[in-house]
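An overview of the molecular structure
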Amino acid sequence: MATTAELFEEPFDVDEYIERLAWRTPGGGSRGGAEAFDPKRLLEEFVDHIEELKMLDERIQRRVEKLEQQCQKEAKEFAKKVQELQKSNQIAFQHFQELDEHISYVATKVCHLGDQLEGVNTPRQRAVEAQKLMKYFNEFLDGELKSDIFTNPEKIKEAADIIQKLHLIAQELPFDRFAEVKSKIASKYHDLELQLIQEFTNAQRKNEISRMHEVAAVLLHFKGYSHCVDVYIKQCQEGSYFRNDLFEDTALLCQRVNKEVREVFSSPENVMAKLIQNIFEFRLQSFIRDRLEESKKSDAEQYLKNLYDLYTRTTSLASKLAEFDLGTDKQTFLAKIIKGIFISYLENYIEIETGYLKNRSSMVLQRYYDSKNHQKRAYGAGGIQDLKERIRQRTNLPLGPSIDTHGETFLSQEVVVNLLQETRQAFERCHRLSDPSDLPKNAFRIFTILVEYLCVEHIDYALEIGLAAIPSTDSKTSSLYFLDVVQQANTIFHLFDKQFNDHLMPLISSSPKLTECLQKKKEVIEQMEVKLDTGIDRTLNCMIGHMKHILSVEQKKTDFKPEDENNVLIQYTNACVKVCDYVGKQVEKNRNSMDGKNVDTVLTEFGVRFHRLIHEHLQQYTYSSMGGMLAICDVAEYRKCAKAFKIPLVLQLFDTLHALCNLLVVAPDNLKQVCSGEQLTNLDKNILHAFVQLRSDYRSARLGRHFS
């Protein structure tokens, strides 16, 4: 294995190197097995290789020393060269400083000489200029213009410069001595001005931008420069309005002209502002006036729609135009133009809006009542009718027959949707068309109209009708539709509340009107809740009254004290079946008519009254042993019916009643034990005694002694 320096380059692994050396040595590796291994041969190879490595190390060491000597020599030579270059650089820097001082000296002399030449040349140029002007002035004085500059049409630019200066000079001359020449100069001034404007017009028609820029630059110093801008504004609009969309055409026109104006005029922002002002005050204003005046007198709805649409499109156009350079305060500029166009329409906008909304709401309601062939009654207006209704609500006394509405709730979701839709559009128009300072006040006016027609004239009126249609408690009818009114009123009020939050709140959230609106809404809710509570209470009374009627008609005294104790074939009485069927339907109707916690509240009240009715009803009869069993069966059915309420209190009451009924059949000896049971131990002893007294064997079995 030849030993060279390349074998020790990184990465170098000593173990791998020795293994490789041993493997290459005959008898030193694992080839041939243990028998072929020759340690002496391997040792000799290692000793020889170590000698080779020593010789290699000496050669490398000699080479390193040689390279170090060479490096030191080159470093000395390089240092010497650097010193020589530094000396040369110092000499060059000194020469540069001397040259810089010389150049500064020469430049100072040249500037001084230039100032002297300018001091001599400027008066000379002024004198030459004055001489030329005097020459041209003499031609006007003599009355004959001979100079080529005035007769050659190609030199109109130079002539304009001369005549402009002569016109300024003529302004300073006394009128009595130079009246004629002043008149001639003024005439030539106007002629040239007209020629330049005509030249500008021709160039614009040919779309010669460079020529337009050249003529505009000359006219800039003339009084007719503004007329030149007017001509440009007029011509650039010709042929630009060929579609039916005036607003889109205006946006495209301004976008096209904006680039052209920058190339032609020295102050493009002023020209663009004047162009936009011209379009708004003439084209747009005329278009808007024609559209609005046409509908203002005949159709308020169309007028409001047109006003909203035109104002929205105008402000949208202004937003697009604000992207152009129109001067320092372009937002104020555009807002002022828009205000000038719409001010006469916006001043009385809210009056037209509220007037239309009232008429429209009244018409929607009247159309609905007409479709039902219903003549609205006057409620809440005082008088005998109002007094009767108040007494009916508070005492449940039958003050005359109730109204028969044939099941009509007089609430319509279609009417509600129409009223809310009209109001939503009114809120949107109010947001867009009202001045920011008047917005909360105007929004509140619209809200009060919604409250008046939706909440008072429709929902509250339907509640009044519903209350008047509730039969008295002794009525035999089972037609109770007030819960339908409750259900629809809840649905409608949710829609009303959603519009309040979605469309009114953003308009008043940061103003004092917020408190006023919330108070108004609270009052409306409280008024309706009072009537809903009254109606639900009276409806529950009517339900209980009807159940009482069923029990009085269907329940026989012989049900609980049959003549033949051994021949009772029924599981529960007919009265129980009919009452449970009726209660099940009413529970479902209550559940469908209410929402949220109101369901549990109303069903709890209904369940408590149902329990009281059955409790009092059972105490009207005397029970034999078999009759007591039948009463327990009835109460078990009532309890099963009570489970549909899903109210723990109601179920507990019927569990207790069921336990009380057990007192009707328990053996006399076990009576005291049953009375101290888990469900009856907390009841008053008088209640237990009262139930035991209902037993037919109360006296014969001397059951009273258990309570003495």
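I will try to describe carefully the structure that is included in this document. Keep in mind the model is a prediction, meaning the values are calculated, not measured.

Turning next to the overall build of the protein chain. Within the protein chain, the secondary structure is distributed over 23 helices and zero strands. Looking at the protein chain as a whole, 39% of its 708 residues are labelled buried. Expressed as a percentage of contacts within the protein chain between residues at least 6 apart in sequence, the contacts between residues at least 24 apart total 73%. About 41,800 Å² of surface is accessible on the protein chain, with carbon and sulfur atoms providing 51% of the total.

Here the focus is helix H14 (residues 413–433). Quick reminder: α-helices carry 3.6 residues per turn. Residues three or four places apart thus point the same way. If you check H14, its first and last C-alpha atoms are 30 Å apart, about what 21 residues at 1.5 Å a residue would give, namely 30 Å. Of the residues making up H14, those classed as buried are Val415, Val416, Leu419, Leu420, Glu422, Thr423, Ala426, Phe427, Arg429, Cys430 and Leu433. The N-capping residue of H14, defined by a side-chain oxygen 3.3 Å from the backbone nitrogen of Glu414, is Ser412.

A full pass over the atoms with the stated rule returns 22 salt bridges. With a closest N to O distance of 3.1 Å, Glu351 and Arg445 form a salt bridge. You can see Glu351 sitting in helix H12 (residues 349–371) and its partner Arg445 sitting in helix H15 (residues 439–469), a full 94 residues away along the chain. What makes Arg445 partly exposed here is its relative accessible area of 29%. Because the salt bridges share partners, they merge into one network encompassing Asp460, Glu464 and Lys531.

This paragraph deals with a nonpolar patch on the surface. A surface patch of nonpolar side chains, amounting to about 290 Å² of accessible area, comprises Tyr105, Val106 and Val110. Within the element layout of this structure, Val106 appears in helix H2 (residues 39–142). On the basis of relative accessible area, Val106 is assigned to the partly exposed category, the value being 37%.

The N-to-C vectors of helix H16 (residues 482–508) and helix H17 (residues 513–554) enclose an angle of 170 degrees; their axes lie 11 Å apart at closest approach. The angle between the axes of H16 and H17 places the two elements in the roughly antiparallel class. A per-class count over the contact of H16 with H17 returns 17 nonpolar, three polar and four charged.

This part takes up the side chain of Glu260. The residue Glu260 is located in helix H8 (residues 246–264) in this model. No salt bridge is formed by the buried Glu260; its nearest oppositely charged neighbour, Arg256, is found at 4.9 Å.

Moving on to the packing of H14 against H15. Relative orientation of the contacting elements H14 and H15 amounts to 175 degrees, with a least axis distance of 10 Å. By the angle between their axes, H14 is roughly antiparallel relative to H15. Where H14 abuts H15, its residues Val415, Val416, Leu419, Leu420, Thr423, Ala426, Phe427, Cys430 and His431 lie against Leu439, Asn442, Ala443, Ile446, Phe447, Leu450, Tyr453, Leu454 and His458. Among the residues forming the contact of H14 with H15, the class breakdown is 14 nonpolar, four polar and no charged.

Turning next to the packing of aromatic side chains. Overall, the coordinates contain 14 aromatic pairs when judged by the stated rule. On the basis of an interplanar angle of 25 degrees and a centroid distance of 6.1 Å, the ring pair of Phe447 and Phe496 is categorised as stacked. One end of the pair, Phe447, is in helix H15; the other, Phe496, is in helix H16, with 49 residues separating them in the sequence. Pair check on accessibility: Phe447 and Phe496 agree, each one buried. Counting every residue linked through ring pairs, the aromatic cluster contains Phe606, Phe610, Tyr638, Phe645 and Phe654.

Another aspect to go through is the nonpolar core. Phe265 and Tyr638 are the most contacted members of the largest nonpolar core, which totals 163 residues. Of the residues forming this core, the biggest block, 18 residues, is contributed by H15. Those residues within four positions of Tyr638 in sequence are excluded, and the remaining contacts are Leu551, Ala575, Cys576, Val579, Cys580, Phe610, Ile614 and Phe654.

Further remarks concern the environment of Asp474. When you line up the elements, Asp474 lands in the loop between H15 and H16. It is 9.6 Å that separates the C-alpha atoms of Asp474 and Ile544, two residues lying 70 residues apart in sequence.

The phi angle at Asn207 is positive, at roughly 60 degrees, despite the residue not being glycine. Locating Asn207 in the fold gives a position in the loop between helix H5 (175–205) and helix H6 (209–219). Although it is not a glycine, Asn373 sits at a positive phi angle of roughly 55 degrees. Along the polypeptide, Asn373 turns up in the loop between H12 and helix H13 (383–395). Judged by its relative accessible area of 75%, Asn373 falls in the exposed class.

Along the polypeptide, Phe482 turns up in helix H16. We classify Phe482 as buried; its relative accessible area is 1%. Between the alpha carbons of Phe482 and Thr409 there is a distance of 7.7 Å; along the sequence they are 73 residues apart. Each residue touching Phe482, except ones within four places of it in the same chain, is listed here: Leu463, Gly466, Leu467, Ile470, Lys531, Leu532, Gly535, Ile536 and Thr539.

With that out of the way, let us pick up a negative patch on the surface. Taken together, the side chains of Asp38, Glu44, Asp48, Glu51 and Glu52 make up a negatively charged region of the molecular surface. Within the element layout of this structure, Glu44 appears in helix H2.

To continue, consider the side chain of Thr250. Position of Thr250 relative to the elements: it lies in helix H8. With relative accessibility at 0%, the residue Thr250 sits in the buried group. Once residues within four sequence positions are removed from consideration, Thr250 is found in contact with Tyr241, Ile279 and Leu317.

Before going further, it helps to examine the environment of Ser226. Within the secondary structure, Ser226 is located in helix H7 (residues 225–237). Of the residues examined, Ser226 reaches a relative accessible area of 38% and is grouped as partly exposed. The spacing of Ser226 and Val271 is 45 residues in sequence and 9.4 Å in space, taken between C-alpha atoms.

Quick notes on the rules
- Counting starts from 1 at the beginning of each chain's written sequence and moves along it residue by residue.
- In keeping with the model being predicted, local features are shown solely for residues with a pLDDT of at least 70 and side-chain atom pairs are shown and tallied solely at 80 or more, while totals for entire chains, interfaces and linings include all residues.
- As a convention, hydrogens and water are excluded, and side-chain values are obtained from all of the structure's heavy atoms.
- A run of H or I in DSSP becomes a helix once it reaches four residues, and a run of E becomes a strand once it reaches two; helices and strands are each numbered from the N terminus.
- For the exposure calls, accessible area comes from a 1.4 Å probe over protein chains only, and a residue counts as buried if that area is under 20% of its type's maximum, exposed if over 50%, partly exposed in between.
- Two residues qualify as a contact provided that any one of their heavy atoms is within 4.5 Å of a heavy atom in the partner residue.
- Note on areas: these come from Shrake-Rupley sampling with a 1.4 Å probe, and a residue is covered only by the protein chains present in the view.
- Working rule for helices: expected span equals 1.5 Å times residues minus one.
- Counted as a polar contact is a pair of N or O atoms within 3.5 Å, where, for protein atoms, one must be capable of donating a hydrogen and the other of accepting one, and residues adjacent in sequence contribute only when both atoms are in side chains.
- Each salt bridge in this description consists of a side-chain nitrogen of Lys or Arg and a carboxyl oxygen of Asp or Glu lying within 4 Å of one another.
- The patches described consist of residues with a relative accessible area above 30% and no salt bridge, like charges being joined within 9 Å and nonpolar side chains (Val, Leu, Ile, Met, Phe, Trp, Tyr) within 5 Å.
- Under this scheme, a helix contributes an axis fitted over its contacting stretch, all axes are lines through C-alpha atoms, and angles between N-to-C directions fall in the 0 to 180 degree range.
- An angle below 35 degrees is treated as roughly parallel, one above 145 as roughly antiparallel, one from 65 to 115 as roughly perpendicular, and anything else as oblique.
- Put simply, Ala, Val, Leu, Ile, Met, Phe, Trp, Tyr, Cys and Pro go in the nonpolar bin, Asp, Glu, Lys and Arg in the charged bin, and everything else, Gly too, in the polar bin.
- The positive count covers Lys and Arg only, the negative count covers Asp and Glu only, and His and the chain ends enter neither.
- Any two of the Phe, Tyr and Trp rings considered here, Trp counted by its six-membered ring, make a pair once their centres fall within 6.5 Å; the pair's planes then place it as stacked at under 30 degrees, edge-to-face at over 60, or tilted in between.
- Residue types Ala, Val, Leu, Ile, Met, Phe, Trp, Tyr and Cys, when buried and joined through side-chain atoms within 4.5 Å, form a set referred to as a nonpolar core.
- Every charge is mapped onto a representative atom, which is NZ of Lys, CZ of Arg, CG of Asp or CD of Glu.

Interpretation in functional terms is not warranted from these geometric data alone.
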